[in-house]
Amino acid sequence: MQDQINTASQVLQQIRTQIQTALIGQETVVHETLLALLAGGHVLIEGVPGLGKTLLVRALAQTISGQFGRIQFTPDLMPADITGHTLFDRETQQFQVRKGPIFTNLLLADEINRAPAKTQSALLEVMQEQQVTLDGKSYPVPLPFMTLATQNPLEQEGTYPLPEAQLDRFLLKIRMSYPTLEEEKALTALVTQAHSNSGFNLDSVQAVVTPQQIIELQQICTQIAVDEAVLDYAVRLVQATRQHAGIRVGAGPRGSIALIRAARTEALLQGQAFVTPDHIKAITLPVLRHRIALHAELELDGVSNDQVLTTLLEQTAAPRQ
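Residues numbered from 1 in each chain as written. Predicted model: local features only at pLDDT ≥ 70, side-chain atom pairs only at ≥ 80, totals over all residues. Heavy atoms only, no water.

Novice: Whenever I open this one, the overall build of the protein confuses me. Can you help?
Specialist: Counting secondary structure elements, the protein contains 14 helices and 11 strands. Taking 2.2 N^0.38 as the reference for a compact globule, 321 residues should give roughly 20 Å; the C-alpha atoms of the protein span a radius of gyration of 20 Å, in line with that estimate. When the backbone C-alpha atoms are referred to their principal axes, the protein occupies close to 70 × 45 × 45 Å. Burial statistics for the protein: of 321 residues in total, 47% are counted as buried. For the protein, restricting intrachain contacts to residue pairs at least 6 apart in sequence, the fraction spanning at least 24 positions comes to 77%. A total of about 15600 Å² of accessible surface is found on the protein, and carbon and sulfur atoms cover 50% of it. Side chains of the protein carry 24 positive and 32 negative charges; the gap between the two charge centres is 3 Å. (Helix = DSSP H or I, 4+ residues; strand = E, 2+ residues; numbered from the N terminus. Rg over C-alpha atoms; globule rule 2.2 N^0.38 Å. Buried < 20%, exposed > 50% of the residue type's maximum accessible area, 1.4 Å probe, protein only. Contact = heavy atoms within 4.5 Å. Areas by Shrake-Rupley, 256 points an atom, 1.4 Å probe, with all protein chains shown as cover. Lys, Arg positive; Asp, Glu negative; His and termini not counted. Charge placed at Lys NZ, Arg CZ, Asp CG, Glu CD.)

Shown next, in the form of structure tokens:
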């Protein structure tokens, strides 16, 4: 088992190195994105425009020698533009299926909250069941399949809130913040010296892993041991979100499942063959921050989901290691 973990660590380091040739800084964001990839989950990346959300996804896709699809979400985008549709061919007198961009390994749903809920719902089935139904017939998508959605903060003009059912299907919600002074200086120098426009050069990013290797890494993650006491701790954390006075809607059972899945991958990324309470703590915020809703009083006071979850972590007793 340890040999498999060491091999996985080497592959992940290769992916991380390739991404860093295009994306400067944002180590936590890259780490959590790779975590979701190995856990077989989807990610929602939130941040103001211009921070590199799309660049991160494109760089990750280029490290994998698989299929990559991109959908730019706009208010006039229709569900059929995502899933595809059937079309009657007059020459053959038969209906032909035209699959949409959703049939890919890595799907970039760019600015997903620029489209209304009707369009966003086109992703519900494929994110949960890895298949798409067109005119009553189901078509599987290529494996591994991962949706990487980017969104602007809801305070931005022209955005729609994601439905709770949609949010719950994301394993992690990742927050991308502004770069540090040194990172922004390096970023500015890289772009302005190498190009005459504001674009980023992804030619240096090389494919270092195949889709089959990703599937094998995901299987290794499922073998990471989870003690019953650690499992109990994860479930108690999730149930605490349903009992907190300031939380209007707590996390459901999918939150408990996501905590364990993500914690297994966190252990693998740290080179360990078993999950500890510290692994649970490390991924609680990105796993649960989008699965709870606060009462209006707390929101008006400026209290964030992360602050409430941090308080719950402090109040929930962890098992002794």
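Novice: Please explain the pattern of salt bridges as it appears in this structure.
Specialist: Close approach of charged atoms allows side chains of opposite charge to pair. By the definition in use, this model includes 10 salt bridges. Two residues, Asp 306 and Arg 175, come together in a salt bridge whose shortest N-O distance is 3.4 Å. Placement of Asp 306 in helix H14 (residues 305-315) and of Arg 175 in strand E9 (residues 172-175) is noted, with a sequence separation of 131 residues between them. Judged by relative accessible area, Asp 306 falls into the buried class, the value being 16%. On the basis of relative accessibility, which here comes to 37%, the residue Arg 175 falls in the partly exposed class. Of the charged contacts in the structure, one is a salt bridge between Asp 306 and Arg 289, with a shortest N-O distance of 2.9 Å. Taken together, the residues span a long stretch of sequence, with Asp 306 in helix H14 and Arg 289 in the loop between helix H12 (277-288) and strand E11 (293-294) at a distance of 17 residues. Considered together, Asp 306 and Arg 289 belong to a single accessibility category, that of buried residues. A cluster of three or more residues bridged by salt bridges with shared partners is formed by Glu 46, Lys 173, Arg 175, Arg 289 and Asp 306. (Salt bridge = Lys/Arg side-chain N within 4 Å of Asp/Glu carboxyl O.)

Novice: Is there a simple way to think about the pairing of strand E5 (residues 106-110) in this case?
Specialist: For a regular strand, the rule is simple: side chains alternate between the two faces of the sheet. Most of E5 is tucked away, with 5 of its 5 residues classed as buried. Side chains Leu 106, Leu 108 and Asp 110 of E5 all project onto a buried face; the interleaved residues Leu 107 and Ala 109 project onto the opposite face, where all are buried too. Inspection of the sheet shows strand E2 (residues 68-72) paired to E5 by 5 bridges, in the parallel sense. Among the inter-strand pairings, Gly 69 is bridged to a residue of E5, identified as Leu 107. (Pairing = 2+ DSSP bridges.)

Novice: Explain the environment of Ala 282 to me, please; I cannot follow it from the model alone.
Specialist: Considering the arrangement of structural elements, one finds Ala 282 in helix H12. Taking the relative accessible area as the measure of exposure, Ala 282 reaches 41% and is therefore partly exposed. C-alpha separation for the pair Ala 282 and Ala 262, spaced 20 residues apart in sequence, amounts to 9.6 Å.

Novice: Explain the packing of aromatic side chains here, please?
Specialist: Aromatic ring pairs are reported here in terms of the distance separating the ring centres and the angle at which the planes meet. As enumerated under the stated definition, the model contains 0 aromatic pairs in all. The cationic tip of Lys 99 hangs over the ring face of Phe 103; the distance from NZ or CZ to the ring centre is 4.9 Å. (Phe/Tyr/Trp six-rings, centres within 6.5 Å; stacked < 30°, edge-to-face > 60°. Lys NZ or Arg CZ within 6 Å of the ring centre and 35° of its normal.)

Novice: Hey, could you run me through unusual backbone geometry in this one?
Specialist: Most of the time, phi is negative for any residue but glycine, and the peptide bond is trans. At the junction of Leu 143 and Pro 144, the peptide bond is cis and its omega measures out at 0° in the coordinates. Of note, Pro 144 is situated in the loop between strand E7 (137-140) and strand E8 (146-151). Non-glycine residue Gln 26 carries a positive phi angle of around 55°. Examined against the element boundaries, Gln 26 turns out to sit in the loop between helix H1 (2-20) and helix H2 (27-39). We classify Gln 26 as buried; its relative accessible area is 10%.

Novice: In this structure, what is going on with the nonpolar core? I would like to understand it.
Specialist: Across soluble globular proteins, nonpolar side chains show a tendency to be buried alongside one another. By size, the foremost hydrophobic cluster in this structure holds 69 residues, and its most contacted members are Leu 60, Leu 172 and Ile 280. Residues contacting Leu 60, with those up to four places away along its chain left out, are Ile 15, Ile 19, Thr 33, Leu 34, Leu 37, Leu 106 and Leu 148. Grouped together as the second largest cluster of nonpolar side chains are 24 residues, Ala 109, Leu 123, Phe 145 and Phe 170 included. (Core = buried A, V, L, I, M, F, W, Y, C linked by side-chain atoms within 4.5 Å.)

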